[in-house]
Amino acid sequence: MELRHLRYFVAVAEEGSLLTAAQRRLNTSQPSLSRQIRDLESEVGVQLLERQPRGVTLTAAGRVFLDHARLALLQVQAATEGARQTAQPQKPTLSMGFLVGLEVMWLPQLLRILREEAPDLQVTLSTQSSPELALALMQGKLDIAFLRPEKDNEGVVFKQLAKEPLIAVLPAEHHLASRKKIRPQDLAREIYVSSARTSPVLQEVIQNYAARVGITLNAKYEGENISSAMSLVASTGGISLVPLYAQNMLAPNVVARALDGGTPTVELALGYNRENPSPLLRRLLSRADELVANVQNQSIIRYVEAQ
(Lines give C-alpha, C1' and ligand atoms only; values in the text may rest on other atoms or scores of the structure.)
Protein backbone atom coordinates (compact mmCIF):
# COMPACT_ATOMS: atom_id res chain seq x y z
CA MET A 1 0.00 0.00 0.00
CA GLU A 2 1.37 3.41 -0.97
CA LEU A 3 0.47 6.94 0.14
CA ARG A 4 -0.97 7.69 -3.28
CA HIS A 5 -3.55 4.96 -2.75
CA LEU A 6 -4.72 6.74 0.41
CA ARG A 7 -4.81 10.12 -1.34
CA TYR A 8 -6.78 8.66 -4.24
CA PHE A 9 -9.25 6.95 -1.92
CA VAL A 10 -9.84 10.09 0.17
CA ALA A 11 -10.40 12.15 -2.99
CA VAL A 12 -12.95 9.66 -4.36
CA ALA A 13 -14.71 9.40 -1.00
CA GLU A 14 -14.99 13.17 -0.65
CA GLU A 15 -16.08 13.78 -4.24
CA GLY A 16 -18.47 10.81 -4.35
CA SER A 17 -17.42 10.14 -7.93
CA LEU A 18 -14.44 8.49 -9.61
CA LEU A 19 -14.75 10.76 -12.63
CA THR A 20 -14.98 13.97 -10.61
CA ALA A 21 -12.08 12.98 -8.37
CA ALA A 22 -9.94 12.08 -11.37
CA GLN A 23 -10.64 15.34 -13.21
CA ARG A 24 -10.88 17.88 -10.38
CA ARG A 25 -8.54 16.56 -7.71
CA LEU A 26 -6.03 14.09 -9.09
CA ASN A 27 -5.26 15.07 -12.70
CA THR A 28 -5.52 11.48 -13.88
CA SER A 29 -7.88 9.37 -15.96
CA GLN A 30 -10.89 7.58 -14.55
CA PRO A 31 -9.74 4.09 -15.73
CA SER A 32 -6.36 4.59 -14.05
CA LEU A 33 -8.02 5.80 -10.85
CA SER A 34 -10.41 2.84 -10.88
CA ARG A 35 -7.46 0.45 -11.10
CA GLN A 36 -5.74 2.17 -8.18
CA ILE A 37 -8.87 1.88 -6.03
CA ARG A 38 -9.28 -1.80 -6.94
CA ASP A 39 -5.64 -2.39 -6.00
CA LEU A 40 -6.25 -0.70 -2.66
CA GLU A 41 -9.36 -2.79 -1.96
CA SER A 42 -7.39 -5.92 -2.87
CA GLU A 43 -4.63 -4.91 -0.46
CA VAL A 44 -7.09 -4.15 2.37
CA GLY A 45 -9.09 -7.28 1.62
CA VAL A 46 -12.58 -5.74 1.76
CA GLN A 47 -14.80 -3.61 -0.47
CA LEU A 48 -14.48 0.07 0.43
CA LEU A 49 -16.79 1.66 -2.16
CA GLU A 50 -20.18 0.85 -3.61
CA ARG A 51 -20.24 1.63 -7.33
CA GLN A 52 -23.54 3.18 -8.43
CA PRO A 53 -24.76 4.65 -11.74
CA ARG A 54 -24.44 8.23 -10.45
CA GLY A 55 -21.32 7.92 -8.34
CA VAL A 56 -19.90 5.95 -5.43
CA THR A 57 -20.73 5.68 -1.75
CA LEU A 58 -18.70 4.34 1.14
CA THR A 59 -19.34 0.90 2.58
CA ALA A 60 -19.29 0.54 6.37
CA ALA A 61 -15.69 -0.66 6.07
CA GLY A 62 -14.94 2.27 3.77
CA ARG A 63 -16.14 4.81 6.33
CA VAL A 64 -13.82 3.34 8.95
CA PHE A 65 -10.93 3.22 6.49
CA LEU A 66 -11.56 6.85 5.47
CA ASP A 67 -11.04 8.10 9.02
CA HIS A 68 -7.74 6.25 9.33
CA ALA A 69 -6.60 7.25 5.83
CA ARG A 70 -7.17 10.94 6.61
CA LEU A 71 -5.28 10.56 9.88
CA ALA A 72 -2.38 8.80 8.16
CA LEU A 73 -2.11 11.54 5.54
CA LEU A 74 -2.25 14.23 8.23
CA GLN A 75 0.52 12.47 10.13
CA VAL A 76 2.67 12.34 7.01
CA GLN A 77 1.98 16.04 6.46
CA ALA A 78 2.89 16.80 10.07
CA ALA A 79 6.09 14.77 9.78
CA THR A 80 7.05 16.60 6.61
CA GLU A 81 6.36 20.02 8.06
CA GLY A 82 8.15 19.12 11.28
CA ALA A 83 11.25 18.11 9.35
CA ARG A 84 11.14 21.34 7.34
CA GLN A 85 10.73 23.47 10.44
CA THR A 86 13.67 21.71 12.08
CA ALA A 87 15.83 22.40 9.05
CA GLN A 88 14.72 26.06 8.97
CA PRO A 89 13.93 26.94 12.59
CA GLN A 90 14.44 30.67 12.06
CA LYS A 91 11.30 31.02 9.99
CA PRO A 92 8.09 32.12 11.76
CA THR A 93 5.32 29.54 11.46
CA LEU A 94 1.55 29.57 11.69
CA SER A 95 -0.66 26.47 11.66
CA MET A 96 -4.22 27.01 10.49
CA GLY A 97 -7.28 24.86 10.02
CA PHE A 98 -10.42 25.17 7.91
CA LEU A 99 -13.74 23.49 7.50
CA VAL A 100 -13.62 21.60 4.20
CA GLY A 101 -14.23 24.06 1.36
CA LEU A 102 -13.88 27.27 3.36
CA GLU A 103 -10.24 27.69 2.40
CA VAL A 104 -11.30 28.50 -1.16
CA MET A 105 -12.82 31.79 0.03
CA TRP A 106 -10.74 32.76 3.04
CA LEU A 107 -7.20 31.50 2.43
CA PRO A 108 -6.16 33.87 -0.41
CA GLN A 109 -7.07 37.00 1.56
CA LEU A 110 -5.65 35.54 4.77
CA LEU A 111 -2.32 34.80 3.10
CA ARG A 112 -2.17 38.32 1.67
CA ILE A 113 -2.43 39.80 5.17
CA LEU A 114 0.02 37.28 6.63
CA ARG A 115 2.64 38.03 3.96
CA GLU A 116 2.41 41.70 4.85
CA GLU A 117 2.94 40.88 8.53
CA ALA A 118 5.64 38.21 8.03
CA PRO A 119 7.00 37.85 4.48
CA ASP A 120 9.03 34.72 5.32
CA LEU A 121 6.17 33.03 7.16
CA GLN A 122 5.87 29.26 6.86
CA VAL A 123 2.24 28.10 6.88
CA THR A 124 0.77 24.67 7.57
CA LEU A 125 -2.82 23.95 6.59
CA SER A 126 -5.33 21.27 7.57
CA THR A 127 -9.04 20.69 6.88
CA GLN A 128 -11.17 18.92 9.48
CA SER A 129 -14.61 18.97 11.03
CA SER A 130 -15.47 21.86 13.34
CA PRO A 131 -15.24 19.86 16.60
CA GLU A 132 -11.87 18.45 15.50
CA LEU A 133 -10.58 21.95 14.74
CA ALA A 134 -11.74 23.22 18.13
CA LEU A 135 -9.99 20.31 19.86
CA ALA A 136 -6.78 21.00 17.94
CA LEU A 137 -6.92 24.64 19.08
CA MET A 138 -7.44 23.57 22.67
CA GLN A 139 -4.49 21.16 22.45
CA GLY A 140 -2.23 23.78 20.88
CA LYS A 141 -1.92 21.90 17.59
CA LEU A 142 -3.36 24.83 15.60
CA ASP A 143 -2.82 28.58 15.91
CA ILE A 144 -6.07 29.59 14.22
CA ALA A 145 -9.06 27.89 12.68
CA PHE A 146 -12.13 28.86 10.66
CA LEU A 147 -14.93 26.91 12.28
CA ARG A 148 -18.22 26.98 14.21
CA PRO A 149 -18.36 28.31 17.81
CA GLU A 150 -18.18 24.91 19.48
CA LYS A 151 -19.07 24.35 23.13
CA ASP A 152 -16.95 22.94 25.95
CA ASN A 153 -13.51 23.76 24.57
CA GLU A 154 -11.59 25.26 27.46
CA GLY A 155 -9.34 28.16 26.56
CA VAL A 156 -10.58 28.51 22.97
CA VAL A 157 -11.89 31.93 21.91
CA PHE A 158 -14.29 32.29 18.98
CA LYS A 159 -14.33 35.63 17.16
CA GLN A 160 -17.45 35.80 15.00
CA LEU A 161 -16.68 36.61 11.37
CA ALA A 162 -20.04 36.26 9.66
CA LYS A 163 -23.37 34.48 9.63
CA GLU A 164 -23.90 32.00 6.80
CA PRO A 165 -27.43 31.52 5.46
CA LEU A 166 -28.41 27.92 4.88
CA ILE A 167 -29.38 26.82 1.39
CA ALA A 168 -30.87 23.67 -0.08
CA VAL A 169 -28.84 21.51 -2.46
CA LEU A 170 -30.54 18.99 -4.71
CA PRO A 171 -29.92 17.11 -7.97
CA ALA A 172 -30.09 19.23 -11.10
CA GLU A 173 -32.79 16.94 -12.52
CA HIS A 174 -34.89 17.01 -9.33
CA HIS A 175 -38.52 18.08 -9.82
CA LEU A 176 -37.98 21.01 -7.40
CA ALA A 177 -34.86 22.29 -9.18
CA SER A 178 -36.96 24.54 -11.42
CA ARG A 179 -38.00 26.63 -8.40
CA LYS A 180 -35.99 29.64 -7.26
CA LYS A 181 -36.77 28.91 -3.61
CA ILE A 182 -37.55 25.73 -1.69
CA ARG A 183 -40.46 25.83 0.79
CA PRO A 184 -40.17 24.08 4.16
CA GLN A 185 -43.15 21.88 3.31
CA ASP A 186 -41.33 20.68 0.20
CA LEU A 187 -38.32 19.66 2.29
CA ALA A 188 -40.46 17.54 4.58
CA ARG A 189 -41.81 15.50 1.65
CA GLU A 190 -38.44 14.67 0.09
CA ILE A 191 -35.58 12.32 0.95
CA TYR A 192 -33.47 14.26 3.44
CA VAL A 193 -29.67 13.95 3.51
CA SER A 194 -27.95 15.22 6.66
CA SER A 195 -24.80 17.30 6.17
CA ALA A 196 -24.20 17.77 9.90
CA ARG A 197 -23.10 14.37 11.18
CA THR A 198 -19.84 15.84 12.51
CA SER A 199 -21.10 19.36 13.22
CA PRO A 200 -23.24 19.74 16.36
CA VAL A 201 -23.57 23.50 15.83
CA LEU A 202 -24.92 23.11 12.29
CA GLN A 203 -27.16 20.24 13.41
CA GLU A 204 -28.69 22.43 16.13
CA VAL A 205 -29.36 25.25 13.66
CA ILE A 206 -31.12 22.86 11.27
CA GLN A 207 -33.18 21.26 14.05
CA ASN A 208 -34.24 24.67 15.38
CA TYR A 209 -35.22 25.75 11.85
CA ALA A 210 -37.31 22.60 11.33
CA ALA A 211 -39.07 23.15 14.66
CA ARG A 212 -39.74 26.80 13.88
CA VAL A 213 -41.35 26.10 10.49
CA GLY A 214 -43.20 23.05 11.78
CA ILE A 215 -41.60 20.25 9.80
CA THR A 216 -39.71 17.05 10.66
CA LEU A 217 -36.43 16.26 8.93
CA ASN A 218 -35.55 12.60 9.43
CA ALA A 219 -32.26 11.90 7.69
CA LYS A 220 -32.37 8.81 5.51
CA TYR A 221 -28.71 9.34 4.67
CA GLU A 222 -25.91 11.04 6.62
CA GLY A 223 -22.87 12.61 5.03
CA GLU A 224 -19.53 12.57 6.85
CA ASN A 225 -19.17 16.24 5.88
CA ILE A 226 -20.73 18.71 3.47
CA SER A 227 -18.80 17.33 0.51
CA SER A 228 -19.94 13.76 1.11
CA ALA A 229 -23.50 14.96 1.80
CA MET A 230 -23.63 16.56 -1.64
CA SER A 231 -22.33 13.33 -3.17
CA LEU A 232 -25.20 11.52 -1.44
CA VAL A 233 -27.61 14.12 -2.79
CA ALA A 234 -26.44 13.37 -6.31
CA SER A 235 -26.60 9.59 -5.89
CA THR A 236 -29.85 9.28 -3.92
CA GLY A 237 -31.96 12.08 -5.39
CA GLY A 238 -32.38 13.64 -1.98
CA ILE A 239 -32.11 17.19 -0.62
CA SER A 240 -29.72 18.55 1.99
CA LEU A 241 -29.35 21.81 3.91
CA VAL A 242 -25.84 23.28 3.89
CA PRO A 243 -24.17 26.63 4.64
CA LEU A 244 -23.95 29.11 1.80
CA TYR A 245 -20.23 28.64 1.17
CA ALA A 246 -20.95 25.12 -0.10
CA GLN A 247 -21.91 26.71 -3.42
CA ASN A 248 -18.16 26.71 -4.07
CA MET A 249 -18.20 22.91 -3.95
CA LEU A 250 -21.16 22.09 -6.19
CA ALA A 251 -20.70 19.29 -8.70
CA PRO A 252 -22.24 19.84 -12.17
CA ASN A 253 -25.15 17.52 -11.35
CA VAL A 254 -26.10 19.35 -8.13
CA VAL A 255 -27.75 22.77 -7.80
CA ALA A 256 -28.35 25.15 -4.90
CA ARG A 257 -31.60 26.92 -4.09
CA ALA A 258 -32.53 29.48 -1.44
CA LEU A 259 -34.97 28.63 1.35
CA ASP A 260 -38.32 30.40 1.25
CA GLY A 261 -39.01 32.59 4.28
CA GLY A 262 -37.05 33.06 7.49
CA THR A 263 -33.71 31.73 6.26
CA PRO A 264 -31.71 30.17 9.12
CA THR A 265 -28.06 31.13 9.59
CA VAL A 266 -25.04 29.46 11.18
CA GLU A 267 -22.11 31.37 12.67
CA LEU A 268 -18.65 31.29 11.16
CA ALA A 269 -15.87 32.12 13.60
CA LEU A 270 -12.13 32.58 13.77
CA GLY A 271 -10.96 30.43 16.66
CA TYR A 272 -7.72 30.60 18.64
CA ASN A 273 -6.34 29.60 22.03
CA ARG A 274 -6.20 32.54 24.45
CA GLU A 275 -2.95 31.12 25.89
CA ASN A 276 -1.19 31.24 22.52
CA PRO A 277 1.69 33.73 22.93
CA SER A 278 2.31 34.30 19.19
CA PRO A 279 2.77 38.02 18.36
CA LEU A 280 1.79 37.21 14.78
CA LEU A 281 -1.54 35.81 16.01
CA ARG A 282 -2.26 39.08 17.85
CA ARG A 283 -1.46 41.14 14.77
CA LEU A 284 -3.70 38.94 12.65
CA LEU A 285 -6.58 39.28 15.12
CA SER A 286 -6.22 43.06 14.97
CA ARG A 287 -6.84 42.84 11.21
CA ALA A 288 -9.77 40.41 11.34
CA ASP A 289 -12.29 43.08 10.27
CA GLU A 290 -10.11 43.90 7.27
CA LEU A 291 -9.99 40.20 6.39
CA VAL A 292 -13.79 39.92 6.49
CA ALA A 293 -14.22 43.04 4.33
CA ASN A 294 -11.75 41.76 1.73
CA VAL A 295 -13.47 38.39 1.50
CA GLN A 296 -16.89 40.04 1.16
CA ASN A 297 -15.60 42.30 -1.61
CA GLN A 298 -13.82 39.57 -3.57
CA SER A 299 -16.32 36.71 -3.29
CA ILE A 300 -19.56 36.16 -5.17
CA ILE A 301 -20.82 34.50 -1.97
CA ARG A 302 -22.55 37.02 0.28
CA TYR A 303 -22.58 36.26 3.98
CA VAL A 304 -24.86 38.03 6.43
CA GLU A 305 -22.81 40.63 8.31
CA ALA A 306 -21.94 39.64 11.86
CA GLN A 307 -23.66 41.69 14.56
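Residues numbered from 1 in each chain as written. Predicted model: local features only at pLDDT ≥ 70, side-chain atom pairs only at ≥ 80, totals over all residues. Heavy atoms only, no water.

Q: With reference to specific residues and values, describe the UniProt feature "domain: HTH lysR-type" (unreviewed entry) in the protein.
A: The UniProt feature table records "domain: HTH lysR-type" (unreviewed entry) at residues 1-59. For residues 1-59, the end-to-end C-alpha separation is 20 Å, with 63% helix and 14% strand making up the annotated structure. (UniProt positions renumbered as here; feature names shortened; annotations may be inferred. Helix = DSSP H or I, 4+ residues; strand = E, 2+ residues; numbered from the N terminus.)

Q: Residue-level account of the side chain of Asp186, with values.
A: If you trace the backbone, Asp186 turns up in helix α7 (residues 184-189). Of note is the side chain of Asp186, whose polar atom sits 2.9 Å from the side chain of Arg189. Leave out the neighbours within four places in its chain, and Asp186 touches Leu176 and Arg179. (Polar contact = N/O pair within 3.5 Å; in protein donor to acceptor, adjacent residues only side chain to side chain. Contact = heavy atoms within 4.5 Å.)

Q: Residues and numbers for the domain arrangement of the protein, please.
A: Per the domain assignment, the segments of the protein are domain 1 (1-84) and domain 2 (90-306). Taken together, the contact pairs 14 residues of domain 1 with 19 residues of domain 2. Here domain 1 meets domain 2 over a buried area of about 1,200 Å², counting both sides, of which 39% is carbon and sulfur. Summed over the shared surface of domain 1 and domain 2, the result is 0 salt bridges. Taken together, the elements giving at least two residues each to the side of domain 1 that touches domain 2 come down to α1 (3-15) and α4 (60-87). In terms of residues, the side of domain 1 that touches domain 2 owes the most to one element, α4, which gives 7 residues. Of the residues in the side of domain 1 that touches domain 2, the class split is 1 nonpolar, 4 polar and 9 charged. (Domains from an automatic or database assignment. Buried area = accessible area lost by both parts, 1.4 Å probe. Salt bridge = Lys/Arg side-chain N within 4 Å of Asp/Glu carboxyl O. Nonpolar A, V, L, I, M, F, W, Y, C, P; charged D, E, K, R; others polar.)

Q: Give a detailed account of the nonpolar core, specifying residues and quantitative values.
A: Among the nonpolar cores identified, the biggest contains 51 residues, and Trp106, Leu110, Ile144 and Phe146 are the most heavily contacted of them. Residues within four places of Leu110 in sequence aside, it is in contact with Met96, Phe98, Ile144, Phe146, Leu284 and Leu291. (Core = buried A, V, L, I, M, F, W, Y, C linked by side-chain atoms within 4.5 Å. Buried < 20%, exposed > 50% of the residue type's maximum accessible area, 1.4 Å probe, protein only.)

Q: Please set out the packing of aromatic side chains residue by residue, giving values where relevant.
A: One pass over the full model with this rule turns up 3 aromatic pairs. Consider the rings of Phe9 and Phe65, whose centres lie 5.2 Å apart with planes at 75°: the pair is edge-to-face. Separated by 56 residues along the polypeptide, Phe9 in helix α1 and Phe65 in helix α4 bring together distant segments of the chain. Judged by relative accessible area, Phe65 falls into the buried class, the value being 16%. Summarising the aromatic geometry, the rings of Trp106 and Phe146 are spaced 5.6 Å apart at their centres and angled 40° between planes, so their arrangement reads as tilted. Residue Trp106 is located in helix α5 (residues 103-117), and its partner Phe146 is located in strand β5 (residues 144-147); the two are separated by 40 residues in the primary sequence. There is no split in this pair, since Trp106 and Phe146 are both buried. An aromatic cluster is defined as three or more aromatic residues linked by ring pairs; in this entry it consists of Phe98, Trp106 and Phe146. (Phe/Tyr/Trp six-rings, centres within 6.5 Å; stacked < 30°, edge-to-face > 60°.)

Q: Quick one: what's the story with the side chain of Ser126, residue by residue and with numbers?
A: Relative to the helices and strands, Ser126 resides in strand β4 (residues 122-127). Within the structure, Ser126 has its side chain in polar contact with the side chain of Gln128 (distance 3.3 Å). Once residues within four sequence positions are removed from consideration, Ser126 is found in contact with Leu74, Met96, Gly97, Phe98 and Leu142.

Q: Summarise the pattern of salt bridges; cite the residues concerned and give the values.
A: This structure, assessed with the given rule, holds 18 salt bridges. Between Glu15 and Arg25 there is a salt bridge, with its nearest N and O atoms 3.1 Å apart. On the criterion of sequence distance, the pair formed by Glu15 in helix α1 and Arg25 in helix α2 (residues 18-26) is long-range, its members being 10 residues apart. Exposure remark for Glu15: the relative accessible area of 17% places this residue in the buried category. Looking at Arg25, the relative accessible area reads 39%, which means it is partly exposed. One salt bridge in this structure joins Arg283 and Glu117, with 2.8 Å as the shortest N-O distance. Taken together, the residues Arg283 in helix α10 (residues 279-286) and Glu117 in helix α5 connect sequence positions 166 residues apart.

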